[in-house]
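Residue-level listing of the chains:
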Amino acid sequence: MYVSSNKAALEKATSKSESSKKSISDPIDVNVVPDSERQAITVYEAFLDGDTTKFRSTVVTPPAGVDAKVFAVNEVLGKLKFVPASARAKSVTVSKGIAHVDFPESIMAGYASMEEGLLVNSIAATLGSFGDIQGFQVMINGETIETLGHLDLSSPQKVQKPE
């Protein structure tokens, strides 16, 4: 370890580090949306009634500081018993009306074709709750996927607006 005996160099270094410190009284930007102003979101769980796909709707409100789109997708995935608990959206980014929903590899759970259809329809209907989304793309670790096993997911899927 080198110790400087140069008093001027020591004073200069000390004044630089002190000038870069923030004061406790310096304002910090915090954007917290009060509970009363957070938007309720409808999530749609797809299910089969005979040969017809139908939807159960649930209204949820994301906790403060949680991305509403990620929260909504994960809420509906939690309702689908065949989706592994580890298969939850990591992020949802929207560009030109297309939501890019990024999942971990555990979303590739080897679903039956019926399960895969219910999963995709549930995501499509839930994302249809957001006015800025017209379609969505399923991704794994930032990479677009071709399929979860049965359905062609190589291009964006249209959102649904259940009644």
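Read on for a plain summary of the structure. (Residues numbered from 1 in each chain as written. Predicted model: local features only at pLDDT ≥ 70, side-chain atom pairs only at ≥ 80, totals over all residues. Heavy atoms only, no water.)

Side note on the pattern of salt bridges
Our working rule: Salt-bridge detection follows one rule: a side-chain nitrogen of Lys or Arg within 4 Å of a carboxyl oxygen of Asp or Glu. To sort residues, take the accessible area from a 1.4 Å probe on protein chains only and compare it with the maximum for the residue type: under 20% means buried, over 50% means exposed, and anything in between is partly exposed. Helix numbers and strand numbers start at the N terminus; a helix is a DSSP run of H or I with at least 4 residues, a strand a run of E with at least 2.
Considering all chains together, one arrives at three salt bridges under this definition. A salt bridge links Lys54 to Asp49; the shortest N-O distance between them is 2.8 Å. On the basis of relative accessible area, Lys54 is assigned to the partly exposed category, the value being 36%. Across the salt bridge formed by Lys69 and Asp132, the nearest N and O atoms sit 3.4 Å from each other. Pair noted here: Lys69 is in helix H2 (residues 68-79) and Asp132 is in the loop between helix H3 (113-127) and strand E5 (135-140), with a separation of 63 residues, a long-range link. For Lys69, a relative accessible area of 17% gives the class buried. The class for Asp132 is partly exposed, based on a relative accessible area of 37%.

Concerning the pairing of strand E3 (residues 91-95)
Condition: Pairing between two strands is assigned when DSSP locates at least 2 bridges connecting them.
Relative to strand E4 (residues 98-103), E3 runs antiparallel, the two being bridged by five bridges. By the bridge assignment, Thr93 is partnered in E4 with His100. A loop of two residues connects E3 with E4, the two strands running antiparallel in sequence, and Lys96 in this loop sits at a positive phi of about 50 degrees.

Re the packing of aromatic side chains
We apply this condition: Think of it this way: a Phe, Tyr or Trp ring, Trp meaning its six-membered ring, pairs with another when their centres are within 6.5 Å, and the plane angle makes it stacked under 30 degrees, edge-to-face over 60, tilted otherwise.
Tallying each qualifying case throughout the model produces two aromatic pairs. Judged by centre distance (6.4 Å) and plane angle (85 degrees), the ring pair of Tyr44 and Phe55 falls under edge-to-face. One end of the pair, Tyr44, is in strand E1 (residues 41-49); the other, Phe55, is in strand E2 (residues 52-60), with 11 residues separating them in the sequence. A ring pair is formed by Phe82 and Tyr111, whose centres lie 5.9 Å apart and whose planes are at 80 degrees; its orientation type is edge-to-face.

A look at the pairing of E2
One ladder, built from nine bridges, connects E1 with E2; its direction is antiparallel. Residue Glu45 lies in a different strand from E2, and its bridge partner there is Arg56. A loop of two residues connects E1 with E2, the two strands running antiparallel in sequence, and Gly50 in this loop sits at a positive phi of about 70 degrees.

Overview of the side chain of Glu45
The test is simple: Here, two residues are considered to be in contact whenever any of their heavy atoms come within 4.5 Å of each other.
Structurally, Glu45 can be placed in strand E1. Given the relative accessible area of 14%, Glu45 is considered buried. Apart from the residues lying within four places of it in its own chain, the contact partners of Glu45 are Lys54, Phe55, Arg56, Val76, Lys79, Leu80 and Ser122.

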